[in-house]
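A structural walkthrough
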Amino acid sequence: MSLKSINDILGVLEKQAKWQEQPFQRLLKFWPEVVGPVVAANTRPLSIQRDVLSVATSSAAWAQNLTFGRSSLLLKLNKNLPTPLVDIRFSTVNWQNPSVERKQQQTVSPHEHPSYLGDEISRPDVTPPKNVNAAFGSWTKIMRSRSHGLPLCPQCQSPTPPGELQRWEVCSVCAAKKF
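Residues numbered from 1 in each chain as written. Predicted model: local features only at pLDDT ≥ 70, side-chain atom pairs only at ≥ 80, totals over all residues. Heavy atoms only, no water.

- Naming follows an unreviewed UniProt entry, where the protein chain appears as Putative nucleic acid-binding protein, containings Zn-ribbon domain of Nostoc flagelliforme CCNUN1.

**With respect to the nonpolar core**
- Core analysis: the largest hydrophobic core is formed by 19 residues, its most contacted members being Leu27, Trp31, Leu53, Leu73, Leu77 and Ile88.
- Counting only elements with at least two residues in this core, the list comes to helix H2 (23-35), helix H3 (37-41), strand S2 (52-57), helix H4 (60-68), helix H5 (70-78) and strand S3 (87-91).
- Counting residues per element, this core draws most heavily on H2, which supplies 6 residues.
- Those residues within four positions of leucine 53 in sequence are excluded, and the remaining contacts are Phe24, Leu27, Trp31, Pro45, Ser47, Ile48, Leu77, Leu85, Asp87, Ile88 and Arg89.
- In terms of nonpolar packing, the next biggest core, distinct from the first, is built from 5 residues, Cys153, Val170, Cys171 and Cys174 among them. (Core = buried A, V, L, I, M, F, W, Y, C linked by side-chain atoms within 4.5 Å. Buried < 20%, exposed > 50% of the residue type's maximum accessible area, 1.4 Å probe, protein only. Helix = DSSP H or I, 4+ residues; strand = E, 2+ residues; numbered from the N terminus. Contact = heavy atoms within 4.5 Å.)

**What to know about the pattern of salt bridges**
- Here the structure, examined in full by the defined rule, presents 2 salt bridges.
- The partner of aspartate 87 in a salt bridge is arginine 70, and the shortest N-O contact between them spans 3.0 Å. Residue aspartate 87 is found in strand S3, and its partner arginine 70 is found in helix H5; the two are separated by 17 residues along the sequence.
- Overall, aspartate 87 belongs to the buried group, its relative accessible area being 14%. (Salt bridge = Lys/Arg side-chain N within 4 Å of Asp/Glu carboxyl O.)

**Some thoughts on the packing of aromatic side chains**
- A complete count under the given rule lists 1 aromatic pair for this structure.
- Above the ring of tryptophan 95, the side-chain terminus of arginine 44 is found at 4.3 Å from the ring centroid. (Phe/Tyr/Trp six-rings, centres within 6.5 Å; stacked < 30°, edge-to-face > 60°. Lys NZ or Arg CZ within 6 Å of the ring centre and 35° of its normal.)

In structure tokens, the structure reads:
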């Protein structure tokens, strides 16, 4: 058994295809140099599939302008790539401006929502009503029992959850009318 040095082993690994730099990674490195700083700020290469480069653009106008000049861009890009590209597709799909941080959507638990009435909502035994009038009658009873004891909206005098009054000083319907 012959012993090989670490340098020999690493040299063999570098020659193998899976350890070589992928064409897309290589393209990302020289993209700003080839297209220029203005175009680079408004474009983002997404992937290479079947020798076709997909590029996201910040607007449809950029996509259209770059589509008209894609043949000259292909020539410039192919000079730096081991496998030549066949085409480039520009689209606004998947464009997200990197300078604007995405705001995480905050989830509000039911307890924090201004319309929260509490856990003490009583649910009577649910039996299917016999007709529409009976269903409406049972619904009105439930609504009256839920709204009993709630403070009234200063504008429309309807029962309003306290959280809505604290937040908007009126019920949600009156608050929506202001907008």
